[in-house]
Amino acid sequence: MVDRVDKERDERREQRRELRERERSLPPLTGRERRLRLDQPMVPRRGLLPEYDPEAFGRLSERIARFLGTGRFIVWMTVTIIVWVVWNTTAPPALRFDEYPFIFLTLMLSLQASYAAPLILLAQNRQDDRDRVNLEQDRKRNERSIADTEYLTREVAALRMGLGEVATRDWIRSELQELVKELEQRGTVEPSHDREH
């Protein structure tokens, strides 16, 4: 009986092993075939547009926007324009690549401006998002501080009220002195000279 159970268990193991080996030897499933199999993840479809990391692009745009807002950029841009104009007015005519109305220079400046504006806006949007998160954190921190302050105020008020009901040493001393005086007046206790001081 035990041998029969062991033999059946071994046969089931062998069948599972063969099934796993058969699945490994099959070619990978396509997206449609894989949808029919719920035990395996879908193959991600490749999009038509190139993929990029938005965080890396955002960081790059912030660096460019920071550079565009510096004096170094203005100096380099001014030097480039001066060299461009001087070269295209004083160089031999065969070496000039942009004659007097400097249309190519205008095109290059327009191209630079058309890229600079969206990059600056993207950097500003990212900064606005960071500011919004910081403001939300500050608001939550302020709410916690206000709640803590209100709690501490209530606790101090409760302590003051509790202390108003607590007998202090001076109050007990004065009550005892009055009690002793009252007993002395009744004559039940002899007057003591050191108690009066």
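All residue numbers refer to positions counted from 1 along the written sequence of the respective chain. The predicted nature of this model means local features are confined to residues of pLDDT at least 70 and side-chain atom pairs, given and counted, to a pLDDT of 80 or more, with totals for whole chains, interfaces and linings taken over all residues. Note that the side-chain values use all heavy atoms of the structure and ignore hydrogens as well as water.

## A closer look at a positive patch on the surface
Thinking step 1. Together, Arg-12, Arg-16, Arg-20 and Arg-24 make up a region of like positive charge exposed at the surface.
Thinking step 2. Along the chain, Arg-24 falls in helix H1 (residues 2–25). Each patch is built from residues lacking any salt bridge and having more than 30% relative accessible area; the joining distance is 9 Å for like charges and 5 Å for nonpolar side chains (Val, Leu, Ile, Met, Phe, Trp, Tyr). Each accessible area value is a Shrake-Rupley result obtained with a 1.4 Å probe; residue values ignore everything except the protein chains displayed when judging cover. Each reported salt bridge corresponds to a side-chain nitrogen of Lys or Arg within 4 Å of a carboxyl oxygen of Asp or Glu. Charge counting treats Lys and Arg as positive and Asp and Glu as negative, with His and both chain ends excluded. Charge positions are represented by NZ for Lys, CZ for Arg, CG for Asp and CD for Glu. Each helix is a run of DSSP H or I of at least 4 residues and each strand a run of E of at least 2, with the numbering of both proceeding from the N terminus.

## Topic: the pattern of salt bridges
Thinking step 1. Counted under the stated rule, the structure contains 14 salt bridges.
Thinking step 2. For Glu-21, the salt bridge goes to Arg-17, with nearest N and O atoms at 2.5 Å. With Glu-21 and Arg-17 both in helix H1 and four residues apart, this pair spans about one turn of that helix.
Thinking step 3. Here Arg-186 ties to Glu-182 by a salt bridge, and the two come within 3.0 Å at their closest N and O atoms. One end of the pair, Arg-186, and the other, Glu-182, are both in helix H6 (residues 169–186), four residues apart, so they sit about a helical turn from each other.
Thinking step 4. We call a residue buried when its accessible area falls under 20% of the maximum for its residue type, exposed when it is over 50%, and partly exposed in between, using a 1.4 Å probe and counting protein chains only. For Glu-182, a relative accessible area of 38% translates into the label partly exposed.

## Re the UniProt feature "transmembrane region" (unreviewed entry) in the protein chain
Thinking step 1. UniProt positions are given in the numbering used here, feature names are shortened, and annotations may be inferred rather than shown by experiment. Mapped onto the present numbering, the UniProt feature "transmembrane region" (unreviewed entry) falls at residues 67–87 and 102–122.
Thinking step 2. Along residues 67–87 the backbone is 90% helical and 0% strand, and the end-to-end C-alpha distance reaches 26 Å.
Thinking step 3. In residues 102–122, the share of helix is 95% and the share of strand is 0%. The end C-alpha atoms are 31 Å apart.

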